[in-house]
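Okay, here's what each chain looks like letter by letter:
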Amino acid sequence: MKKEIKIIFLDIGHGDSSVITFSEKGRKACIIVDGGESKKNKERIVEFLEKEEIKAIDLLVATHIDQDHIQGLNYFLDDIIKEKNLRIRYYWGPRPEEGKSFYVNDYESLLEKPGKYTTTKYIIQSVAQNERLYEKVKRLIVDEANIYFPSLEAPPPLDIFENVQLELLGPYRQIPSNEIKAMAFAIPSGPTTDEILTIEDFEMTVEKDFEAMATKAHQNANNQSIVFRLTPKGVFDEFKSWQFLFTGDAEEESWGRMVRDEEINKKLESKVLKVPHHGSRNGITEEGLRFVKPSYSVISVGQKHGLPDKETLSLLKKCNSNIFCTERNEDQRNPVPCSKIKDCPKIGRYGPILFAIDADTGKVKITPGDEWCRVGWG
Ligand SMILES: [Zn+2]
Ligand SMILES: [Zn+2]
């Protein structure tokens, strides 16, 4: 059997999704990190797993509750439940709702209001997506004891593979998703969490701008992204300098905490950085990059929100990182100099980036663009 690690950053439009396969105890092991947002992305995960002949998901990671990371996972797990063809060994994900103390009893009626409270709706939907994901994971996991909501306060077992090392770098702690939702409805001088209000009562009571609170709640969700580093070891020991840093949508607060912690900051250095938050300026910081020192940076984006931001691109260029981008930004409202991004795909709308570490030949091959995934092209 070929001794190989493959890490693919899938081509999913706006969102994040990566799949890692590697030789482990005479078979091929598999880690999935996030699942993007759309049904198309589910097809891309399935296509890659079929090509790699994957028989089990050893570790499924949902970095945080946002839909552009977990909605696609929900579609994907629906398929698995239907076809009963794959089980999950370990799960790392965002902490689901705990307790029912929530003081707006018909908050879902907000979803009916057209053109209003965009971010508030997004939080409500993301929390609901996470609840669904958690239920599906419970059905598919081999042993419920292997469901973890990782944080530095409560780390999961990390020594689960012989040939890759996992190190958890964030978040510091995980807030249950009903608390994130409550943050979106927080009012400093308003009712206590014991009082149950209708959304109409709540709109009358609220003193602050709904959207501003929801934006803060959204930042909190991003800053709880599970951040981890993967390092080849065992039969891949000669490639141990090829560390990959997975960052979800970690924003400034999360990076600040990681760089200030001397135990953590020495583990940030990585050859390949999955650039946090789709290259948004609310993502990687200049200080964070001084610790990561990425030779390669992968930005997972689509035609949404005008990402990546040019501020992020110039930070990455300043540290001489080779930038790969899963999609060319053609958003005319916020154009970035995409032609200057290395191997930003020029053909088709999407372009996955594949890193293949081959212990038999001693080579690492980086394949951007169209070689691996053809679903949905043209
Ligand atoms: Zn995201
Ligand atoms: Zn996010």
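The residue numbering used here restarts from 1 in each chain and proceeds along that chain's sequence as written. To label them, take the chains in the order written and letter them from A, then take the ligands in the order written and number them from 1. Local features are withheld for residues below a pLDDT of 70 in this predicted model, meaning they are given only at 70 or higher, and side-chain atom pairs are given and counted only at 80 or more; totals for whole chains, interfaces and linings count all residues.

> Hey, could you run me through the overall build of the chain in this one?
The helix count covers DSSP runs of H or I at least four residues long, the strand count covers runs of E at least two residues long, and both are numbered beginning at the N terminus. When helices and strands are counted, the chain shows 10 helices and 14 strands. Our exposure labels follow a C-beta count within 10 Å of each residue's own C-beta, placed from the backbone: buried means 20 or more other C-beta atoms, exposed means 12 or fewer, and partly exposed covers the counts in between. Put simply, the chain has 378 residues, and 46% of those count as buried. Put simply, of all contacts in the chain between residues at least 6 apart along the chain, 73% involve residues at least 24 apart. Throughout, a pair of residues is in contact if the C-beta atoms placed from their backbones lie within 7 Å.

> Looking at this model, I keep getting lost on the nonpolar core. Mind explaining?
Across soluble globular proteins, nonpolar side chains show a tendency to be buried alongside one another. For our purposes the nonpolar core covers buried Ala, Val, Leu, Ile, Met, Phe, Trp, Tyr and Cys residues that link as a set through C-beta atoms within 7 Å. In this structure, Val19, Cys30, Ile32, Leu60, Val61, Phe228 and Val298 are the most contacted members of the largest nonpolar core, which totals 89 residues. In this structure, valine 298 is in contact with Phe9, Val272, Lys274, Val275, Phe324 and Ile353, ignoring residues within four places of it in sequence.

> Before we go on, may I ask you to explain the environment of leucine 49 in this structure?
Its location among the elements puts leucine 49 in helix α1 (residues 39-51). Sequence spacing of leucine 49 and cysteine 30 is 19 residues, and the spatial spacing of their C-alpha atoms is 8.6 Å.

> I tried to follow the sheet that holds strand β3 (residues 27-33) on my own but got confused; where do I start?
If you trace the eight strands from one edge of the open sheet to the other, you get β6-β5-β4-β3-β2-β1-β13-β14, paired in mixed fashion. Of all the strands in the sheet, the pair left with one neighbour each is β6 (147-148) and β14 (363-368). By definition, two strands form a pair when at least two bridges between them are found by DSSP.

> I keep staring at the sheet that holds strand β12 (residues 322-325) and nothing clicks. Help me out?
Adjacent strands of a sheet pair through backbone hydrogen bonds, lying either parallel or antiparallel. With mixed pairing, six strands are arranged side by side in an open sheet as β7-β8-β9-β10-β11-β12. Bordering the open sheet on either side are β7 (164-170) and β12, each of which pairs with just one other strand. Recorded for the sheet is a direction-independent mean angle of 20° between the axes of neighbouring strands. As paired strands, β7 and strand β8 (residues 227-232) are joined by six bridges and run antiparallel to one another. When the bridges of β8 are listed, leucine 166 appears paired with leucine 230. An axis is simply a line fitted to the C-alpha atoms; with a helix, the fit covers only the stretch in contact. Between two such axes, the angle follows the N-to-C directions and lies from 0 to 180 degrees.

> Which parts of the structure should I look at to understand helix α7 (residues 252-260)?
In an α-helix, one turn spans 3.6 residues; hence positions three or four apart end up facing the same way. For α7, the complete set of buried residues consists of Ser254, Trp255 and Met258. Viewed along the axis of α7, the buried residues span an arc of 95°, placing them on a single side of the element. Against the buried residues of α7 lie β7, α6 (210-223), β8, α8 (262-265) and α9 (286-292). Working note: the arc is built from the helix axis to C-beta atom directions.

> Help me understand the packing of helix α3 (residues 118-140) against α6 in this model?
Packed helix pairs are characterised by how far apart their axes lie and by the angle those axes make with each other. Where α3 meets α6, the closest approach of the two axes is 7 Å, and the angle between their N-to-C directions is 40°. In terms of axis orientation, α3 runs oblique to α6. Of the two elements, α3 crosses α6, and the hand of that crossing is left-handed. Between α3 and α6, the residues in contact are Thr118, Thr119, Thr120, Tyr122, Ile123 and Ser126 and Phe210, Glu211, Ala214, Thr215, Ala217, His218 and Ala221, respectively. Among the residues forming the contact of α3 with α6, the class breakdown is six nonpolar, six polar and one charged. In these notes the angle categories are as follows: under 35 degrees is roughly parallel, over 145 is roughly antiparallel, 65 to 115 is roughly perpendicular, and the rest is oblique. Two helices cross in a left-handed way if the nearer one is turned anticlockwise from the farther one by less than a right angle. They cross in a right-handed way if the turn is clockwise. Residues are sorted three ways: Asp, Glu, Lys and Arg are charged, Ala, Val, Leu, Ile, Met, Phe, Trp, Tyr, Cys and Pro are nonpolar, and all the rest, Gly among them, are polar.

> So what exactly am I meant to see when it comes to the confidence of the model for the chain here?
Atomic detail in the predicted coordinates should be set aside for any region of low pLDDT. A residue's pLDDT is the predictor's confidence in that residue, given on a scale from 0 to 100. A residue-level look at the chain finds 86% of positions with pLDDT of 70 or above and a mean pLDDT of 86. Note that pLDDT drops below 50 for residues 371-378; the model gives that stretch 18 contacts with residues more than four away or on any other chain.

> Looking at this structure, how should I read unusual backbone geometry?
Negative phi values dominate among residues other than glycine, just as trans dominates among peptide bonds. With omega at 5°, the peptide bond leading from glycine 170 into proline 171 counts as cis. The backbone of lysine 25 shows a phi angle near 50°, a positive value even though the residue is not glycine. Positionally, lysine 25 belongs in the loop between β2 (18-24) and β3. The exposure class assigned to lysine 25 is exposed, which follows from the 10 C-beta atoms found within 10 Å.

> Can you help me understand helix α2 (residues 67-83) in this one?
Given the number of residues in a helix, its expected span is that number minus one, multiplied by 1.5 Å. The terminal C-alpha atoms of α2, which comprises 17 residues, lie 24 Å apart, in line with the 24 Å expected from a rise of 1.5 Å per residue. Considered for burial, the residues of α2 that qualify are Asp68, His69, Ile70, Gln71, Gly72, Leu73, Phe76 and Leu77. Looking at the buried positions of α2, the neighbouring elements they touch are α1 and α3. Where α2 ends, the next residue or the one after it, lysine 84, has phi of about 50°, a positive value.

> Just to check I follow, could you spell out the pairing of strand β1 (residues 4-9) for this structure?
Residues in a regular strand project their side chains so that they alternate between the two faces of the sheet. Counted residue by residue, β1 has five buried out of six residues, so it is predominantly covered. Alignment of β1 against strand β13 (residues 353-358), held across six bridges, turns out to be antiparallel. Note on β13: the bridge partner recorded for lysine 6 is alanine 356. Where β1 lies against β2, five bridges are found, and the strand directions are antiparallel. Of the residues in β2, the one forming a bridge with isoleucine 5 is phenylalanine 22.

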